[in-house]
Amino acid sequence: MKKIYIFLLILLASITSCQKASINGDLDGMWQLMKIEYKDQTFKSPDQLYYCVQLHMVQFQGAAMCSGTFSHSGDSLRVVIRNHKAADVSAYGMNDTIQSFFIEKLSSEKMVLHSSFARLSFRKF
Amino acid sequence: MEAEFGGTQYSNGKTFKMPSKLKDYLKALVPMSGGKDTPVSDQANVEGNQVGSWHFSLNYKLKGWNLRAYYEHYFEDHSMLVMQYPWKDGMLGFEITPPKNPVVSGVVYEYIGSKDQSGPVYWDHDNVINEQISARDNYYNHGFYTGWQHWGQAIGNPLFTSPIYNSNGQIAFTNNRIIAHHLGISGKPTNEIKYRVLLSHSDNWGTYCMPFKDVKQNTSALVELTYAPAKMKGWSFTTSGAMDRGSLLGDNTGGMITIRKIGLLTK
């Protein structure tokens, strides 16, 4: 029986010592952009646009493929898309390659981000 | 671990022959990077399509009962072989074999999750973003080979939608991000009659590269009854009915009658 406990401890230690473990909690994963609500009261329901979040990176998928980094602290999120123009990220509900968001809601299933440009609703996919 | 190696790729009118010398056979057994006669990706990683899985199993016997719990972790690359990324995917199973009785001779429950695949981002570090993320494992697909399939049918995991179901002729897995549950019950009410009931339900997200617009569901069921008369040694007669319901494979219903003879027909 001791051997089993030792094995389980080693397994647990190995799993918890992942070099690339999740560091962003619920924010990690593939998010499907469901709705973009603009400041002028208009809105869009995008067709298969995604934010992919892992470690320190975010990748946009569905229109122009964009990659960048982000910083997350409390209920604020700052996204920095590299090597792209503002026009490339407009489909994703951003009006600049650097955008600050207020995290209105974040759970394992839903996320709502708010910027000075738009309100973005996501579901985990 | 298993490997696909050697062979010839036919793509867009061009052919590429993979090496199949003795050293290539050895590299199928002990994964190593490919030589100059292999694709660039094989030179940077390992030669051929290498996959594998970890298996853990725990058995417990108690007064005629046999209880077994098992966990299987599938991997497609080095990073998931050695737990560089969290093991969020895997198959967890429980098997119960009760003492001999006329109602149930075995029950199995399995859960499988393959949604994570190391994560949703793939990035080779460069001067702009100095981060290496080797995720999006894209289970059962491969850049050079036609994936972990044989004649269009998935090898090992029937819940990843097999390429044979692709209506556009593409030889690739279009659905490898799933969460599924499976329940199986078997019994032998008499010495001549036995039955099997299987039920599977899956939620399906497609792949990271080509996600479905909405999650697709599928429920499959099979009921099977076998009669093996004691007077007709070696003969058995099986009838079974099966169905699929849901948005992944559509609604399908089928039946099968099997007449089986074990041994020589003349005896």
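In this text the structure is predicted, and so the values were computed from the model without any measurement. Residue positions are counted from 1 within each chain, in the order its sequence is given. Chains and ligands are labelled sequentially in the order written, the chains with letters from A and the ligands with numbers from 1. Where totals are concerned, whole chains, interfaces and linings use all residues; where local detail is concerned, this predicted model gives features only for residues with pLDDT of at least 70, and gives and counts side-chain atom pairs only at 80 or more.

Some thoughts on the overall build of chain B
When its secondary structure is counted, chain B shows three helices and 16 strands. Oriented by its inertia axes, the alpha-carbon framework of chain B measures out at about 75 × 40 × 40 Å. Out of the 267 residues belonging to chain B, those deemed buried represent 24%. Once local pairs closer than 6 in sequence are excluded, the contacts in chain B between residues at least 24 apart make up 41%. Secondary structure elements are taken from DSSP: a helix is a run of H or I of four residues or more, a strand is a run of E of two residues or more, and numbering for both begins at the N terminus. Burial is judged by counting other C-beta atoms within 10 Å of a residue's own C-beta: 20 or more means buried, 12 or fewer means exposed, and anything between counts as partly exposed, with every C-beta placed from the backbone. Contact between two residues is assigned when their C-beta atoms, built from the backbone, lie within 7 Å.

Examining the overall build of chain A
When helices and strands are counted, chain A shows two helices and nine strands. Across the 125 residues in chain A, those meeting the buried criterion constitute 30%. Taking the intrachain contacts of chain A between residues at least 6 apart in sequence as the baseline, contacts between residues at least 24 apart amount to 39%.

Remarks on the interface of chain B and chain A
The partner chain A presents 22 residues to the 18 residues of chain B that form the contact. Classification convention: Asp, Glu, Lys, Arg as charged; Ala, Val, Leu, Ile, Met, Phe, Trp, Tyr, Cys, Pro as nonpolar; all other residues, Gly among them, as polar. Considered class by class, the residues forming the side of chain B that touches chain A number 14 nonpolar, two polar and two charged.

Structural notes on helix H1 (residues 22–29) of chain B
All names here are of chain B. Looking only at H1, the buried set comprises Asp24, Lys27 and Ala28. Projected down its long axis, H1 carries its buried residues within an arc of 105°, all on one side. Along H1, the residues that are exposed and aim more than 90 degrees away from the buried face are Leu22, Lys23, Tyr25, Leu26 and Leu29. Where the residues of H1 are buried, they touch strand E1 (2–4). Taken from the helix axis, the directions to the C-beta atoms give the arc we talk about.

Describing the domain arrangement of chain B
What fixes the domain bounds is an automatic or database domain assignment. Segmenting chain B into domains produces domain 1 (1–47) and domain 2 (54–138 + 152–261). Just the C-alpha atoms count here: the centres of domain 1 of chain B and domain 2 of chain B sit 29 Å apart.

With respect to the pairing of strand E5 (residues 66–73) of chain A
All names here are of chain A. Only strands joined by at least two bridges in the DSSP assignment are considered to pair. Summarising the sheet, strand E4 (residues 57–61) and E5 pair through four bridges and their orientation is antiparallel. In the sheet register, Val58 faces E5, and the bridge partner there is Gly68. Counted along the chain from E4 to the antiparallel partner E5, the turn is four residues long, and its residue Gly62 has a positive phi close to 125°. Two successive antiparallel strands, E5 and strand E6 (residues 76–81), enclose a turn made up of two residues, where Gly74 displays a positive phi of approximately 60°.

Description of the sheet that holds strand E4 (residues 49–62) of chain B
Residues and elements named next belong to chain B. What the 10 strands build is an open sheet, ordered E1-E4-E5-E6-E7-E12-E13-E14-E15-E16; its pairing is antiparallel. What marks the edges here is a single partner per strand, and that holds for E1 and strand E16 (252–261). Adjacent strand axes in the sheet meet at a mean angle of 10°, parallel and antiparallel pairs treated alike. Bridge count between strand E6 (residues 90–97) and strand E7 (residues 106–113): seven bridges; the pairing is antiparallel. Looking across to E7, one finds that Gly90 is bridged to Gly113. Angular values range over 0 to 180 degrees, each being the angle between N-to-C directions of two axes fitted as lines to C-alpha atoms, with helices fitted over their stretch in contact.

Thoughts on the nonpolar core
Buried Ala, Val, Leu, Ile, Met, Phe, Trp, Tyr and Cys residues form a nonpolar core when they are connected through C-beta atoms within 7 Å. Residues A:Trp31, A:Leu33, A:Tyr50, A:Tyr51, A:Cys52 and B:Phe160 are the most contacted members of the largest nonpolar core, which totals 48 residues. Of all the secondary-structure elements, those providing two or more residues to this core are strand E1 (29–38), strand E3 (50–54), E4, E6, strand E8 (110–114) and strand E9 (118–124) of chain A together with strand E5 (65–75) and strand E12 (178–187) of chain B. Sequence-distant contacts of A:Tyr51, that is, excluding residues within four places in its chain, are made with A:Trp31, A:Leu33, A:Val58, A:Phe60 and A:Phe122.

Section: the pairing of E8(A)
Residues and elements named next belong to chain A. Where burial is concerned, the two faces of E8 differ: the one with Met111 and Leu113 is buried and the one with Lys110, Val112 and His114 is not. As paired elements, strand E7 (residues 98–106) and E8 share four bridges and run antiparallel to each other. Looking at E8, one finds that Ile103 is bridged to Leu113. Following E7, the chain reverses through three residues before pairing antiparallel with E8. In this sheet, E9 lies alongside E8 in antiparallel orientation, the contact comprising five bridges. Looking at the pairing, Met111 lines up with Phe122 of E9. Hairpin remark: E8 followed by E9, antiparallel, with three residues in the connecting loop.

Some remarks on the environment of B:Asn59
By the secondary structure assignment, B:Asn59 is in strand E4. The spacing of B:Asn59 and B:Phe94 is 35 residues in sequence and 10.0 Å in space, taken between C-alpha atoms.

Considering the environment of A:Ser121
Residue and element names in this part refer to chain A. Tracing the sequence through the fold places Ser121 in strand E9. Remark: the alpha-carbon pair of Ser121 and Thr69, spanning 52 residues in sequence, is separated by 20 Å. Beyond its immediate stretch of four places on either side in the chain, Ser121 contacts Met34, Lys35 and Val112.

Section: unusual backbone geometry
Residue and element names in this part refer to chain B. Residues other than glycine seldom take positive phi values, yet Met83 does so here, at roughly 65°. By the secondary structure assignment, Met83 is in the loop between helix H3 (78–81) and E6. For Trp151, which is not glycine, the phi torsion reads 50° and is therefore positive. Mapped onto the secondary structure, Trp151 falls in the loop between strand E10 (149–150) and strand E11 (153–154).

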